[in-house]
Amino acid sequence: MLLVLLMALLPHYALAAQADQIKASHAWIRLLPGDLPAGGYVRLDNQGASAATLVSVQSAAYVSVMLHQSAMDQAGNSAMRVLDRLTIPAHGGVALAPAGYHLMLQQAAHPLKPGDKIDVTLNFADGSHLQVPFLIRPANAVD
Ligand SMILES: [Cu+2]
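Thresholds applied
- Residues numbered from 1 in each chain as written.
- Predicted model: local features only at pLDDT ≥ 70, side-chain atom pairs only at ≥ 80, totals over all residues.
- Heavy atoms only, no water.
- Helix = DSSP H or I, 4+ residues; strand = E, 2+ residues; numbered from the N terminus.
- Buried < 20%, exposed > 50% of the residue type's maximum accessible area, 1.4 Å probe, protein only.
- Contact = heavy atoms within 4.5 Å.
- Areas by Shrake-Rupley, 256 points an atom, 1.4 Å probe, with all protein chains shown as cover.
- Donors = N, O, S within 2.8 Å, 3.2 Å for Na, K, Ca; no water.
- Tetrahedral: all angles 85-135°; square planar, octahedral: opposite > 155°, others 65-115°.
- Lys, Arg positive; Asp, Glu negative; His and termini not counted.
- Salt bridge = Lys/Arg side-chain N within 4 Å of Asp/Glu carboxyl O.
- Polar contact = N/O pair within 3.5 Å; in protein donor to acceptor, adjacent residues only side chain to side chain.
- Phe/Tyr/Trp six-rings, centres within 6.5 Å; stacked < 30°, edge-to-face > 60°.
- Lys NZ or Arg CZ within 6 Å of the ring centre and 35° of its normal.

Caption draft 1: Quick peek at the overall build of the protein chain. Within the protein chain one finds two helices and ten strands. Secondary structure of the protein chain in N-to-C order comes out as α-α-β-β-β-β-β-β-β-β-β-β. The buried share among the 143 residues of the protein chain stands at 38%. If you take every contact in the protein chain between residues at least 6 apart in sequence, the share linking residues at least 24 apart comes to 67%. Put simply, the protein chain shows about 8400 Å² of open surface, and 59% of that area lies on carbon and sulfur atoms.

Caption draft 2: Here's a closer look at unusual backbone geometry. A positive phi angle is found at H26, which is not glycine, with a value near 50 degrees. Here H26 shows up in strand β1 (residues 22-30). The phi angle at Q107 is positive, at roughly 60 degrees, despite the residue not being glycine. Of note, Q107 is situated in strand β8 (residues 101-108).

Caption draft 3: Fine view of the coordination of the copper ion. Donor atoms from the polypeptide that coordinate the copper ion comprise H68 (ND1), M80 (SD), H102 (NE2) and M104 (SD), at 2.1 to 2.7 Å from the metal. Coordination at the copper ion comes from four donor atoms whose angles at the metal span 92 to 131 degrees, giving a geometry best classed as tetrahedral. Accessibility expressed as a relative area gives 46% for M80, which makes it partly exposed.

Caption draft 4: Region of interest: the side chain of R30. Mapping R30 onto the fold places it in strand β1. Buried charge without a salt bridge: R30, with D143 as the nearest opposite-charge side chain at an N-O distance of 8.3 Å. Looking at R30, its side chain comes within polar contact range of the main-chain oxygen of A141, at 3.0 Å. Setting aside its immediate chain neighbours within four residues, R30 contacts A38, G39, Y41, P98, R137, P138, A139, A141 and V142.

Caption draft 5: How the structure looks around the packing of aromatic side chains. Using the criterion set out here, one finds one aromatic pair in the structure. A cation over a ring is seen here: R137 above W28, with NZ or CZ 4.5 Å from the ring centre.

Caption draft 6: Structural context of the pattern of salt bridges. This model, assessed by the stated rule, comprises two salt bridges. The partner of R43 in a salt bridge is D45, with the nearest N and O atoms 3.0 Å apart. K113 is paired through a salt bridge with D116; the nearest N and O atoms lie 3.0 Å apart. Residue classification places K113 among the exposed residues on the basis of a relative accessible area of 52%. D116 sits in the buried class, given a relative accessible area of 19%.

See the structure below:
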C-alpha cells in the first residue's frame, strides 16, 4: 500500500514544471535608437529543488530574441556570445544584467517607447513556459 502511494506521488516531484519553480523580477529592456538591438535584463530565482534550464526566449514584440553573454575576450575587448542554454541551479538564482548574461532583442514588430510593457516568454528544457512582463526603459537606464 505504501509503495503504491509512493509510486503515485513520486512522478509529481520528478515532473515539477521548471517554469513553475522560477520567480522572475526586475525585468526590463533597454531601448536603443534606430534599429540597434535592445538588451533585456531580469533576475531569475529558482525556488525548486531541481535545476531549471532556459533553452529559448521569444516575444511577439520582437522578431528575434537571443540569449547572450557579454565577456572580455583575451585582448580585453567586450565581446558577446550566443548561449544555447542557461541553467538556474536549485534554490539558486541567475541575474541577467548589463555586462553579463542578457537577452538580445532585434527588430521590434512595432515601435516601442519607454514606459511600455511587453510580454516575453521563457522556454525551459522540459517544455514548460514562463511569461514575464518586461518594462521598456530608455537608453540611459543602467540598472
Ligand atoms: Cu548581446
